[in-house]
Structure formats: structure tokens, C-alpha cells
Amino acid sequence: MAEYFREILKRKDLLLYLVKSGLKAEHRNSYLGYFWWLLDPLLSAVVYYFLIAIVLGHGGKYYGLYLIIGLIAWRWTSSVVSNSSRAILSYRSIINQVYLPKAIFPMARTVSQLVHFLFGLVAIVVFLVCYQVVPGWQIVYIPLIILVQLLMLAAVSLLMAYVCVFIRDIDNIMSHIIRIWFYATPIIWEGDRLPENYRWVTDINPMAVILQAYRDVFMYSSHPNLLSLALVGIISLLTCLGLLFFYSRNEHKIIKAL
């Protein structure tokens, strides 16, 4: 396990290269490039705002801000989940020729999408200005919340990348899994609207905890629920460590499956 960690650290230049090449490849044929990370959630926010706030008459005074925070954070999650399924399979030609720690590939996907997320925070700032909301000093919690989400997504990415090497049909149902997770998370709907007997949906959903933390800081200038964040972060960290240990013991199976 320790040797595997050292091998990953030795390959940090490769990790950085994979992140850069992944970002370039994603926007190679796009005229707008990174601007899509602003435009896509903004267009989604317009659609959902029209449906929820105007047609159905739900949502409060700051619903637009509530919505954009959820959509920006969710896009990072959905992008990692959808891209990580082929994180290892996409580099099979390299893996079959040179020994590399296979965990580097899903980790690179997670970090590259983090860059997109940080760029997307500009949209949240724009909405804060439009709604004349000024976050308090609690804004210092944002790096902590981002770190917790990064650990959670790294765990998901490591798991998905490994499983999809052996069960490739999972890649075909990921869009449905992501859609279910989207509607089970308070992104377009407010969490307190759930009936009491359905509150467990958000209680067991780590994205619900993370989204509430972002909104507490940006919208309400209040402390996030540090206990819940710590729980999500610790479970995610332990899962990452467990998966890295699993990778170190089973990488030979990946090569055979490729």
C-alpha cells in the first residue's frame, strides 16, 4: 500500500498531464470552451425557474440563487460520475504497454472536473450580485466544502472506473442512475418540502449535505453543518484509502480484462 502511494506521487507529472490533456480534449471542438460551464447551468436554471417558480408557483424570493448553487455543484458530480466509467478503458493502449498506477486515471478525471467547477463559481458570484446577497465571513468554509465534495467524487470515480473494466454494461445505465440521483437531491426542489416519512432520502444522500453547506455559506451567511460534512468527508476518505489498497492488490486483473 505504501509503495503504491509512492508510485502515485512519483507519477504526479503524469496526473497533471492527464488533467491538462483532458481539459483540452473536452473543449477541442467547442467554440465556447470553458464558457459552457457558465452557460449550461444558466440555461438549465432558466428552464427550471420557469417550470418551478412561474408555472407551479413554488420557490421563494431567492429561488434563482438557490437553484444555480445546486446546479453548479451538481454538474461537477454528474460530470465525474459519467466520465469516470471509462477513465481506465480510454487509456487501455497505454496501460498495456507501460506500468502505471491505474488509480491515476480516475483521479485525473475528478481533478479536471474540479477545474470546471471552480470556473463555474463565477455564475454563483453573478447571481449573488443580482440578488444583492453578500456572504459573511463564513465564506472561509468554501474550501472545506469543496474538499469534502472532492473526496466523495474521488471515491465514486475510483469505484466506477474499476467496476466498468469488468462490467461494461454499467456504462449504458449511468445516465439513468445520474437522473435518479439528481431528483433524489434537493437541487430544483427545497429539502424541507419533503414529507416526514421521506426525509431519509436526504438524510442518506451525501450531495444533499454538501449542497446545504454551500447554500448555508453563500445564501444565509451561516455555519454549515460541520458534523455532517465531517461524516461525509471521513467516510469518503476511508473509502478512497480502501479503494486505493484494493487497486494496489488487484491491478493485474485490470490488465487481463483489458
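## A few points about the overall build of the chain
- If you tally the helices and strands in the chain, you get 11 helices and zero strands.
- For a compact globule of 258 residues, the expected C-alpha radius of gyration is about 18 Å, and the chain comes in at 19 Å, within 12% of that figure.
- Expressed along its principal axes, the backbone C-alpha trace of the chain runs to roughly 55 × 45 × 35 Å.
- Looking at the chain as a whole, 47% of its 258 residues qualify as buried.
- Contacts in the chain between residues far apart in sequence, at least 24 positions, make up 81% of those at least 6 positions apart.
- Looking at the chain as shown, the accessible area adds up to about 13500 Å², and 67% of this sits on carbon and sulfur atoms.
- Side chains of the chain carry 21 positive and 13 negative charges; the gap between the two charge centres is 9 Å.

## Comments concerning unusual backbone geometry
- Look at Q132: it is not a glycine, yet its phi comes out positive at around 55°.
- For Q132, a relative accessible area of 71% corresponds to the exposed category.
- Although it is not a glycine, S221 sits at a positive phi angle of roughly 50°.
- Structurally, S221 is set in the loop between helix 10 (206–218) and helix 11 (226–257).

## Here we look at the side chain of N250
- Along the chain, N250 falls in helix 11.
- Of note is the side chain of N250, whose polar atom sits 2.8 Å from the backbone oxygen of F246.

## Observations regarding the nonpolar core
- If you look at the biggest cluster of nonpolar residues, it comprises 56 residues, and the most contacted ones within it are F117, I145 and Y214.
- Among the elements of the structure, helix 3 (36–55), helix 4 (63–84), helix 6 (104–130), helix 7 (142–166), helix 8 (170–183), helix 10 and helix 11 are those that each provide at least two residues to this core.

## Concerning the packing of aromatic side chains
- Overall, the coordinates contain 14 aromatic pairs when judged by the stated rule.
- An angle of 20° between the planes, with centres 6.2 Å apart, marks the rings of Y63 and Y66 as stacked. A residue pair is termed a helical-turn pair when its members lie 3 or 4 positions apart in one helix, as Y63 and Y66 do in helix 4 at three residues.
- The exposure class assigned to Y66 is buried, which follows from its relative accessible area of 6%.
- Connected via pairs of aromatic rings, a cluster forms that spans Y48, W74, W181, F182 and Y183.
- Between the NZ or CZ atom of R215 and the centre of the ring of Y66, over which it lies, the distance is 3.5 Å.

## What to know about a nonpolar patch on the surface
- Nonpolar side chains collect at one region of the surface, where Y49, F50, L51, I54, V55 and L56 lie side by side and expose about 570 Å² of accessible area between them.
- For F50, the position within the fold is in helix 3.
- Here F50 falls in the partly exposed class, since its relative accessible area comes to 48%.

## Observations concerning the confidence of the model for the chain
- With 93% of its residues at a pLDDT of 70 or more, the chain shows a mean pLDDT of 84.
- Across the chain, helix 10 holds the top mean pLDDT of 94, while helix 2 (residues 12–26) sits lowest at 73.

## Considerations on the packing of helix 4 against helix 6
- At a minimum axis distance of 9 Å, the contact between helix 4 and helix 6 shows a crossing angle of 170°. In this view, helix 4 runs roughly antiparallel relative to helix 6, as classed from their interaxial angle. Taking contact as the criterion, the partners of G64, L65, I68, I69, I72, A73, W76, S79, V80 and N83 in helix 4 are, on helix 6, R109, T110, Q113, L114, F117, G120, L121, A123, I124, F127 and L128.
- The residue inventory of the contact of helix 4 with helix 6, partitioned by class, reads 14 nonpolar, six polar and one charged.

## Regarding helix 8
- Between its first and last C-alpha, helix 8 extends 20 Å over 14 residues, near the 20 Å set by a 1.5 Å rise per residue.
- Along helix 8, the helix axis deviates most sharply at H176, where the bend reaches about 25°.
- All of the buried residues along helix 8 are I170, M174, I178, W181 and F182.

## Digging into the environment of R86
- With respect to the secondary-structure elements, R86 resides in the loop between helix 4 and helix 5 (92–95).
- Look at R86 and you get partly exposed, because its relative accessible area is 36%.
- Remark: the alpha-carbon pair of R86 and V163, spanning 77 residues in sequence, is separated by 10.0 Å.
- R86 has contacts with R92, R109 and D171, leaving out every residue within four places of it along the chain.

Scoring rules and cut-offs
- Residues numbered from 1 in each chain as written.
- Predicted model: local features only at pLDDT ≥ 70, side-chain atom pairs only at ≥ 80, totals over all residues.
- Heavy atoms only, no water.
- Helix = DSSP H or I, 4+ residues; strand = E, 2+ residues; numbered from the N terminus.
- Rg over C-alpha atoms; globule rule 2.2 N^0.38 Å.
- Buried < 20%, exposed > 50% of the residue type's maximum accessible area, 1.4 Å probe, protein only.
- Contact = heavy atoms within 4.5 Å.
- Areas by Shrake-Rupley, 256 points an atom, 1.4 Å probe, with all protein chains shown as cover.
- Lys, Arg positive; Asp, Glu negative; His and termini not counted.
- Charge placed at Lys NZ, Arg CZ, Asp CG, Glu CD.
- Polar contact = N/O pair within 3.5 Å; in protein donor to acceptor, adjacent residues only side chain to side chain.
- Core = buried A, V, L, I, M, F, W, Y, C linked by side-chain atoms within 4.5 Å.
- Phe/Tyr/Trp six-rings, centres within 6.5 Å; stacked < 30°, edge-to-face > 60°.
- Lys NZ or Arg CZ within 6 Å of the ring centre and 35° of its normal.
- Patch = residues over 30% accessible without salt bridge, like charges linked within 9 Å, V, L, I, M, F, W, Y side chains within 5 Å.
- Salt bridge = Lys/Arg side-chain N within 4 Å of Asp/Glu carboxyl O.
- pLDDT = per-residue confidence, 0-100.
- Axes fitted to C-alpha atoms, helices over the stretch in contact; angles between N-to-C directions.
- Parallel < 35°, antiparallel > 145°, perpendicular 65-115°, else oblique.
- Nonpolar A, V, L, I, M, F, W, Y, C, P; charged D, E, K, R; others polar.
- Expected span 1.5 Å × (residues − 1).
- Bend = angle between axes of the 7 residues up to and from the residue.

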